Amino acid sequence: MKGFVRLSGLVGLGLLIGTSAWCQQAKEPKQQSPLTLEQCIQIAMRNQTDVITARNNVIISKSKVTQARSSYFPQLSIQNNAFHSGTGVLDKATNGTAFDVTEDIFDGGIREANALGARYGVTASSSGLTRTEQAAVFSVTTAYYDLLRAKHLAETADASVNYTRELRDQVKSLAEEGKAASVDVLPVEAQLANARVAL
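What this report covers is the structure whose coordinates are included nearby. A quick note: this is a predicted structure, and the numbers were derived from the prediction, not measured.

Remarks on the overall build of the protein
Then, in step 1: For the protein, the count of helices and strands is 5 helices and 2 strands.
Then, in step 2: Starting at the N terminus and ending at the C terminus, the protein contains elements arranged as α-α-α-β-β-α-α.
Then, in step 3: For the protein, with 199 residues in total, the buried portion stands at 21%.
Then, in step 4: In the protein, the share of contacts with a sequence separation of at least 24, taken over all contacts with a separation of at least 6, comes to 63%.
Then, in step 5: Element-wise, carbon and sulfur atoms account for 59% of the exposed surface of the protein, whose accessible area totals about 14,700 Å².

Given below as structure tokens:
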């Protein structure tokens, strides 16, 4: 339990340090309030490298669809050649320009297969983006609630230390007045020591 609280505290500290840098970049640095879960998720969606990579993969897949569709249109090419040979009286210069238009009428279904594969690539990369966004949201949400839990556990442990300290002081004052035995202070001291360890 203590190890989990420390681990949660470290995760929370890392999240706080990371998000505090974003808070400092805000336009109104006058008042810093804790980030909400939605704000943490928005920051993660903007800056998490896996999400950015997945978005870029969707863009690339869409451009491959455009490229696959282009095979249905005629292909145009223009070529210009200039050639100079000889010296003096035997000089010869030739120029030539070629314009070429080609279109595949039948290719055995290769164009259709490429276009279908490109469309499935968009579906796959979109699904990958959704999966990556969900994983990022889950990670941020888990870290956020772990941080809140660690914070509340620390507050509870601090309250326990304060309560036990006040109880010890009451038992000591009763022992000094003679209304309680001085031995009664020892169990309360042990409780206080345990509460400090848990803190």
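Additional details are given in the paragraphs that follow.
Details of the nonpolar core
Then, in step 1: Core analysis: the largest hydrophobic core is formed by 11 residues, namely Leu35, Leu37, Cys40, Ile41, Ile43, Ala44, Met45, Val51, Ala136, Val140 and Tyr144.
Then, in step 2: Counting only elements with at least two residues in this core, the list comes to helix H2 (37–47) and helix H4 (110–177).
Then, in step 3: The element best represented in this core is H2, accounting for 6 residues.
Then, in step 4: Listed in part, the 5 residues of the second largest apolar core include Val65, Ala68, Ala115 and Ala118.

Notes on the pairing of strand E1 (residues 75–85)
Then, in step 1: For E1, the buried fraction is low: 0 of the 11 residues fall into the buried class.
Then, in step 2: Bridging between E1 and strand E2 (residues 92–102) involves 11 bridges; their strand directions are antiparallel. Residue pairing across strands places Ser85 opposite Lys92, the latter belonging to E2.

A look at the packing of aromatic side chains
Then, in step 1: A full pass over the atoms with the stated rule returns 1 aromatic pair.
Then, in step 2: Ring centres of Tyr144 and Tyr145 lie 5.7 Å apart, and the angle between their planes is 85°; on these two criteria the pair is classed as edge-to-face.
Then, in step 3: The exposure class assigned to Tyr144 is buried, which follows from its relative accessible area of 14%.

Observations concerning the side chain of Arg168
Then, in step 1: Summarising the element assignment, Arg168 is placed in helix H4.
Then, in step 2: Given the relative accessible area of 15%, Arg168 is considered buried.
Then, in step 3: Every residue in contact with Arg168, bar those within four places of it in the chain, is listed here: Val185, Val188, Glu189, Leu192 and Arg196.

Some words on the packing of H2 against H4
Then, in step 1: Where H2 meets H4, the axes come as close as 10 Å, and the angle between the chain directions of the two elements is 140°. Comparing the axis directions of H2 and H4 gives the class oblique. Both H2 and H4 take part in a crossing whose hand is right-handed. On the side of H2, the interface is formed by Leu37, Cys40, Ile41, Ala44 and Met45, while H4 contributes Glu133, Ala136, Val137, Val140, Thr141, Tyr144 and Tyr145.
Then, in step 2: Classifying every residue of the contact of H2 with H4 by side-chain character gives 10 nonpolar, 1 polar and 1 charged.

Observations concerning the pattern of salt bridges
Then, in step 1: Tallied over the full model, the rule gives 6 salt bridges.
Then, in step 2: As a salt-bridge pair, Arg111 and Asp107 come within 3.4 Å of each other at their nearest N and O atoms.
Then, in step 3: Residue classification places Arg111 among the buried positions, given a relative accessible area of 10%.
Then, in step 4: Measuring nitrogen to oxygen at the nearest pair gives 3.6 Å for the salt bridge that ties Lys179 to Glu177. The same class applies to Lys179 and to Glu177, which are both exposed.
Then, in step 5: Each of Arg168, Asp169, Lys172 and Glu189 takes part in one network of salt bridges that share partners.

Side note on helix H3 (residues 49–70)
Then, in step 1: An ideal rise of 1.5 Å per residue puts 32 Å on 22 residues; H3 measures up with 32 Å between its terminal C-alpha atoms.
Then, in step 2: Among all positions in H3, only Val51, Ala54, Val58, Ser61, Val65 and Ala68 are buried. Looking straight down H3, one finds that the buried residues subtend no more than 95° of arc, so they occupy a single side. For H3, exposure combined with an orientation more than 90 degrees from the buried face picks out Thr49, Ile59, Thr66 and Gln67.
Then, in step 3: Tucked into the core, H3 has its buried residues touching H2 and H4.
Then, in step 4: The N-cap residue of H3 is Gln48: its side-chain oxygen and the backbone nitrogen of Asp50 are 2.9 Å apart.

Conventions used here
- Residues numbered from 1 in each chain as written.
- Predicted model: local features only at pLDDT ≥ 70, side-chain atom pairs only at ≥ 80, totals over all residues.
- Heavy atoms only, no water.
- Helix = DSSP H or I, 4+ residues; strand = E, 2+ residues; numbered from the N terminus.
- Buried < 20%, exposed > 50% of the residue type's maximum accessible area, 1.4 Å probe, protein only.
- Contact = heavy atoms within 4.5 Å.
- Areas by Shrake-Rupley, 256 points an atom, 1.4 Å probe, with all protein chains shown as cover.
- Core = buried A, V, L, I, M, F, W, Y, C linked by side-chain atoms within 4.5 Å.
- Pairing = 2+ DSSP bridges.
- Phe/Tyr/Trp six-rings, centres within 6.5 Å; stacked < 30°, edge-to-face > 60°.
- Axes fitted to C-alpha atoms, helices over the stretch in contact; angles between N-to-C directions.
- Parallel < 35°, antiparallel > 145°, perpendicular 65-115°, else oblique.
- Left-handed = near helix turned anticlockwise from the far one by under 90°.
- Nonpolar A, V, L, I, M, F, W, Y, C, P; charged D, E, K, R; others polar.
- Salt bridge = Lys/Arg side-chain N within 4 Å of Asp/Glu carboxyl O.
- Expected span 1.5 Å × (residues − 1).
- Arc of directions from axis to C-beta.
- Polar contact = N/O pair within 3.5 Å; in protein donor to acceptor, adjacent residues only side chain to side chain.

Just geometry here; none of it tells us what the structure is for.
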